[in-house]
Amino acid sequence: MDYTVKQVAKISGVSARTLRYYDQINLLKPKLVNDSGYRIYGEEEINRLQQILLYRSMGMKLNQIQSVLDDSTFDIHNALKEHRKQLLAQRKQIDHLLLTVDKTIRYQKGELNMSNKEKFEGFKKERLEENEKVFGNEIRQKYGEETVNTSNQQWMNMSEEEFKQMQEIENELFLSLDKLYQSKDLDSKEAKQVFDLHKNWLMFSWAEYSAEAHEGLAEMYVADDRFRKYYNEKADKEIVDLLRDIIVKYANQQ
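Quantities reported herein were computed from a predicted structural model and do not represent experimental measurements. Here the residue numbers are simple positions, counted from 1 along each chain's written sequence. Per-residue local features of the predicted model are confined to residues with pLDDT of at least 70, and side-chain atom pairs are confined, for both listing and counting, to 80 or more; whole-chain, interface and lining totals are unaffected and use all residues. Values reported for side chains reflect all heavy atoms of the structure, with hydrogen atoms and water molecules removed beforehand.

1. Concerning the overall build of the chain
Counting its regular elements, the chain contains 12 helices and three strands. Residue burial considers only the protein chains on display, and all accessible areas are found by Shrake-Rupley using a 1.4 Å probe. Carbon and sulfur atoms make up 48% of the accessible area of the chain, which amounts to about 16,000 Å² in all. Put simply, DSSP marks the helices as runs of H or I at least four residues long and the strands as runs of E at least two long, and each gets a number from the N terminus on.

2. Structural notes on helix α2 (residues 16-24)
Because an α-helix completes one turn every 3.6 residues, residues spaced three or four positions apart along the sequence face the same direction. When a residue's accessible area, from a 1.4 Å probe over protein chains only, is under 20% of the maximum for its type it is buried; when over 50% it is exposed; and in between it is partly exposed. For α2, the full list of buried residues reads Leu19, Tyr22 and Asp23. The buried residues of α2 occupy an angular sector of 105° when the element is viewed end-on, so they sit on one face. In α2, the exposed positions angled more than 90 degrees off the buried face are occupied by Arg17 and Gln24. Residue contacts are defined here by distance: any two heavy atoms, one from each residue, within 4.5 Å place the two residues in contact. Those residues of α2 that are buried are in contact with α1 (5-12), β3 (39-41), α3 (43-57) and α4 (62-69). Of the residues trailing α2, Asn26 is marked for its positive phi of about 65°. Note that the arc is defined by the directions from the helix axis to the C-beta atoms.

3. Remarks on the packing of helix α8 (residues 160-180) against helix α9 (residues 189-202)
At their nearest, the axes of α8 and α9 sit 9 Å apart, and the two run at 155° to each other. With respect to each other, α8 and α9 are oriented roughly antiparallel. Judged by the twist between their axes, the crossing of α8 over α9 is left-handed. Residues Met166, Ile169, Glu170, Glu172, Leu173, Ser176, Leu177 and Leu180 of α8 form the contact with α9, whose participating residues are Glu190, Ala191, Gln193, Val194, Leu197, His198, Asn200 and Trp201. When residue character is reported, Ala, Val, Leu, Ile, Met, Phe, Trp, Tyr, Cys and Pro are called nonpolar, Asp, Glu, Lys and Arg charged, and the others, Gly included, polar. For the contact of α8 with α9, the residue count by class is nine nonpolar, four polar and three charged. Working convention: axes come from line fits to C-alpha atoms, limited for helices to the stretch in contact. Angles between N-to-C directions cover 0 to 180 degrees. Each angle gets one of four labels, with under 35 degrees taken as roughly parallel, over 145 as roughly antiparallel, 65 to 115 as roughly perpendicular, and the rest as oblique. A clockwise turn of the near helix away from the far one marks a right-handed crossing, whereas an anticlockwise turn of less than a right angle marks a left-handed crossing.

4. So, the sheet that holds strand β1 (residues 3-4)
Within a sheet, neighbouring strands are paired by backbone hydrogen bonds and run either parallel or antiparallel to one another. What the three strands build is an open sheet, ordered β1-β3-β2; its pairing is antiparallel. At either end of the open sheet lies a strand with only one pairing partner, and these are β1 and β2 (32-33). Strand pairing is assigned whenever DSSP identifies at least 2 bridges connecting the two strands. Inspection of the sheet shows β1 paired to β3 by two bridges, in the antiparallel sense. Each residue of the ladder has a partner; that of Thr4, found in β3, is Ile40.

5. Structural notes on the pattern of salt bridges
For this analysis, a salt bridge means a side-chain nitrogen from Lys or Arg found within 4 Å of a carboxyl oxygen belonging to Asp or Glu. Scanning the model with the defined rule gives 12 salt bridges in all. Two residues, Arg48 and Asp70, come together in a salt bridge whose shortest N-O distance is 3.1 Å. Taken together, the residues Arg48 in helix α3 and Asp70 in the loop between α4 and α5 (76-108) connect sequence positions 22 residues apart. As a salt-bridge pair, Glu219 and Arg244 come within 3.2 Å of each other at their nearest N and O atoms. One end of the pair, Glu219, is in helix α10 (residues 211-223); the other, Arg244, is in helix α12 (residues 240-251), with 25 residues separating them in the sequence. In this structure Glu219 comes out as partly exposed when scored by relative accessible area, which is 37%. Each member of the salt-bridge network shares a partner with another, and the members are Glu219, Arg228, Glu238, Asp241, Arg244 and Asp245.

6. Thoughts on a negative patch on the surface
Patch membership needs two things, relative accessible area over 30% and no salt bridge, and members are linked within 9 Å if like-charged or within 5 Å if nonpolar (Val, Leu, Ile, Met, Phe, Trp, Tyr). Charge counting follows a simple rule: Lys and Arg are positive, Asp and Glu are negative, and His as well as the terminal groups are ignored. Each charge is placed at NZ for Lys, CZ for Arg, CG for Asp and CD for Glu. A surface patch of negative charge is lined by Glu160, Glu161, Glu162, Glu168 and Glu172. Here Glu168 is to be found in helix α8. The class of Glu168 is partly exposed, set by a relative accessible area of 44%.

7. A look at unusual backbone geometry
Even without being a glycine, Asn26 presents a positive backbone phi close to 65°. Looking at the element boundaries, Asn26 is found in the loop between α2 and β2. When its relative accessible area of 45% is taken as the criterion, Asn26 is described as partly exposed. Positioned with a positive phi, Asp236 is a non-glycine residue whose angle comes to about 65°. Relative to the elements of secondary structure, Asp236 occurs in the loop between α11 (225-235) and α12.

What follows is the structure, given as structure tokens:
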């Protein structure tokens, strides 16, 4: 069966303008253009559009999607399995949050008692599972299963007060980095303060301190776009390299 742009837009939820753009960048070409100048799409094009939308939902950029779809060696089945795994993790994360919300509603209505630990349980699990999803494989390969599992357990056992303190230290860290951004003086007391704040922040989830691991984490901040994006966007400026340089300098002095 063949479809016009309007029909494809209706069944897919993708606007006609977007479909025309996909045609322009050669991401999704129509099956043919008829004598009246209308783009016509067949089943093969519909299937390709479905894959495009799938990869977009996985956070891939359009140029990456095009490379994947045009690569004859790409394994679509493994990609789908991985996406399914991610969706299941997201569902688990949402279930934890829903449980916390439901408990909180009943607590507010006086139907049950809720400990401070329970109040933060869902949010801590959300942060932990997000970290596992994005960085889990890398940090386990780098630091080992036992170290990561111990760290995760320490995070989950964190009290409400400790969680609040951790957030306050992180906020202070970014304020200090902002003050140091202009001078970038690594020998200043402000630079040492940044290091101490970051170390203290880490120790809420680390069982013991390791200068080597601290340096390795700092290098990961710079090398991994996900870390770089988090720090730079939170600071609203390019501070991740400065943070790495501070950590490398002062970790060696521990």
